[in-house]
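Observations on the three-dimensional arrangement
Here's the letter readout for the chains.
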Amino acid sequence: MVQLVGSLRKELADSLATCKVLVVGAGGIGCELLKNLVLTGFKNIDVIDLDTIDVSNLNRQFLFQKKHVGKSKAQVAKESALRFCPSANIIAYHDSIMNPDYNVEFFRKFVLVMNALDNRAARNHVNRMCLAADIPLIESGTAGYLGQVTVIKKGITECYECQPKPTQKTFPGCTIRNTPSEPIHCIVWAKYLFNQLFGEEDADQEVSPDTADPEAAWKPEDTAARATASEKDGDIKRVSTKEWARSTGYDAEKLFNKLFKDDIMYLLTMDKLWKKRKAPTPLDWKQLENSACPQKESPVSGLKDQQVLGVWGHCQLFQHSVETLRSQLTEKGEGAELVWDKDDPPAMDFVTAAANLRMHIFSMNMKSRFDVKSMAGNIIPAIATTNAVIAGLIVLEGLKILSGEMESCRTIFLNKCPNLRKKLLVPCVLDPPSNDCYVCASKPEVTVKLDVHKTTVLSLQDRILKERFGMVAPDVQIEDGKGTILISSEEGETEANNGKLLSDFGIRNGSRLQADDFLQDYTLLVNVLHSEELEKDVEFEVVGEAPDKAPPPQPTKEEVTSITNGNKDSAQPSTSSKAPAEDDDIMIVDSDEEGAPSGSAAAAPSSTKRKHSDAEIGETSTKRPRINQSSAATSPSNNDDNDIIALD
């Protein structure tokens, strides 16, 4: 007779009491998950989260109360969970999981890792660490009423990065600066403006008119005189936006007239831009102030954030937010910078006001603060019930793993509406690893198209290896027979190379670069495809990453067991049989980050590379949508970015 402890078999209950698990993230899903774990019988739990508690978290993250605002999520979640089970041993870390302290040896302390993240970069990193440590990972995500849970196990299932993910939609600089046609263009411009005025200036986030716009094809020297400025301080000068703003003392009226009058009049001199478009209409602060109705506006029903202000209302909001942000900047001292945060009221007010004023200038309907925040923060509102359901499913999949029933694990989709089989929860058989995955394939390899005469070493490091391929601290050597070190993760060792072009090191079409990230125990071979015909504003392309390409052939058992990233001797043969998956998949994609390419093979790490000392001692799986008779009931609607953003 089976002996039970509560609802669990005694053997499983004993296992829960002794095993050590890691929860990454203590937000919407993380709070529910932590509560579920201690009530199920887990006794040894580590939880890590870098974030602090905000008032906006309190409607769904029920381990937190108003008195906790500003405190560490991980620490407060631990204290609240211990009230459910005082005998549990919970260790809280107020830190980033991408900190080098949490290396492969750290991950090997756990029998199971559970992700409750809200961003793709951290998900990619935890995926790689679990592959390197050969620890099962349960990945999850929610987006409004939609949710997903899946299990990742080295050599047995797809990893988080096996399937290509759509990249966040980006817009040409000339569209943002000269010819916005959608509200999102104005919101992006307003976020750029915040950084130019109050944050870290970025040359790629310029907000002034783009005189190099190829569509304009005009001669500035012939027509610039037609752009008249309202006053000297508002003239368009060849100085940085922040420098000019400081010279005015961040005077809101002068900023307004420069941004929404002078710059717009300058745009109007680019005649060709407006032959087939409606020309923008400049705004003048004094005229708006004089024409504003002195009588008090009648109250508008509904929530404040969902009301759409008038033009003068947004002028006043712009003025108030600039004054508040100026005060914050002054308090921080000389040379200080502010960081835009959707949950920071003055920053959000500034973007709302600036974006709406620009929308009005370009004849678009203005948006409420709620709508602007949703687009500016790439937000889909979080639903507490969705988080609770997903957290419960994570625990159920965890119980299967700890029972030794890996073959019973599933990817489970939570749908907004029942499908044709009247199911809200749809389980799918886990897919085996992809041969084309540039992370868990036997020899990860990618081909990158770029211009070696324009691409710098710093761009290779930051834009390609870190942003695009998710490395944390890459080391790169050229496979030129000499083992030339191009990039070193040791501080200052190759800093002199940053501003040099790839061609300066003899890199040309067909060159091969070996990139190692010793923290992630990960090696990637990069094949360089030189091209001088990339599209405007495109620095590089990853060849063969189109998501609609034919699916790769299924791997043989020998291919599945041949894993080189991480320790070879820890690879396990696949135990799951390939069965047709349910046809009711939905796609859940994370935030506005880089997509995942696919690749094939890479060279083994070179013996000439040294390892870091810590290595020596040591945002959901995205499914490709399957369209058939039942998919219409389960597929999410497309938004502007073709992404569903996993908030929790």
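See the structure shown above.
Predicted, not measured: the structure shown is a model, and the values here were computed from it.

**As for the sheet that holds strand β7 (residues 137–143)**
The eight strands lie next to each other as β5-β4-β3-β6-β7-β8-β9-β10, forming an open sheet whose pairing is mixed. Single-partner strands in this sheet number two, and they are β5 (89–93) and β10 (425–429). The average angle at which neighbouring strand axes cross in this sheet is 15°, direction not considered. When β7 meets strand β8 (residues 146–152), the two strands line up antiparallel, connected through seven bridges. Across the sheet, the residue bridging to Ala143 is Leu146, located in β8.

**Structural notes on the packing of helix α10 (residues 252–268) against helix α13 (residues 345–361)**
In contact at an axis separation of 12 Å, α10 and α13 are set at 25° when each is read in the N-to-C sense. With respect to α13, the element α10 is oriented roughly parallel. In this structure, α10 crosses over α13, and the sense of that crossing is right-handed. Counted together, Phe256, Phe260 and Ile264 of α10 and Ala354, Leu357, Arg358 and Ile361 of α13 form the full contact between these two elements. Taken together, the residues of the contact of α10 with α13 sort by class into six nonpolar, no polar and one charged.

**Regarding α10**
Compared with the 24 Å implied by 1.5 Å per residue over 17 residues, the 23 Å span of α10 between its first and last C-alpha is a close match. Considering bend angle alone, the principal kink of α10 is centred on Lys258 and spans about 35°. Most of α10 sits out of view: 14 of its 17 residues are buried. Taking the backbone nitrogen of Glu253 as reference, a side-chain oxygen 3.0 Å away marks Asp251 as the first, capping residue of α10.

Calculation criteria
- Residues numbered from 1 in each chain as written.
- Predicted model: local features only at pLDDT ≥ 70, side-chain atom pairs only at ≥ 80, totals over all residues.
- Heavy atoms only, no water.
- Pairing = 2+ DSSP bridges.
- Helix = DSSP H or I, 4+ residues; strand = E, 2+ residues; numbered from the N terminus.
- Axes fitted to C-alpha atoms, helices over the stretch in contact; angles between N-to-C directions.
- Parallel < 35°, antiparallel > 145°, perpendicular 65-115°, else oblique.
- Left-handed = near helix turned anticlockwise from the far one by under 90°.
- Contact = heavy atoms within 4.5 Å.
- Nonpolar A, V, L, I, M, F, W, Y, C, P; charged D, E, K, R; others polar.
- Expected span 1.5 Å × (residues − 1).
- Bend = angle between axes of the 7 residues up to and from the residue.
- Buried < 20%, exposed > 50% of the residue type's maximum accessible area, 1.4 Å probe, protein only.
- Polar contact = N/O pair within 3.5 Å; in protein donor to acceptor, adjacent residues only side chain to side chain.

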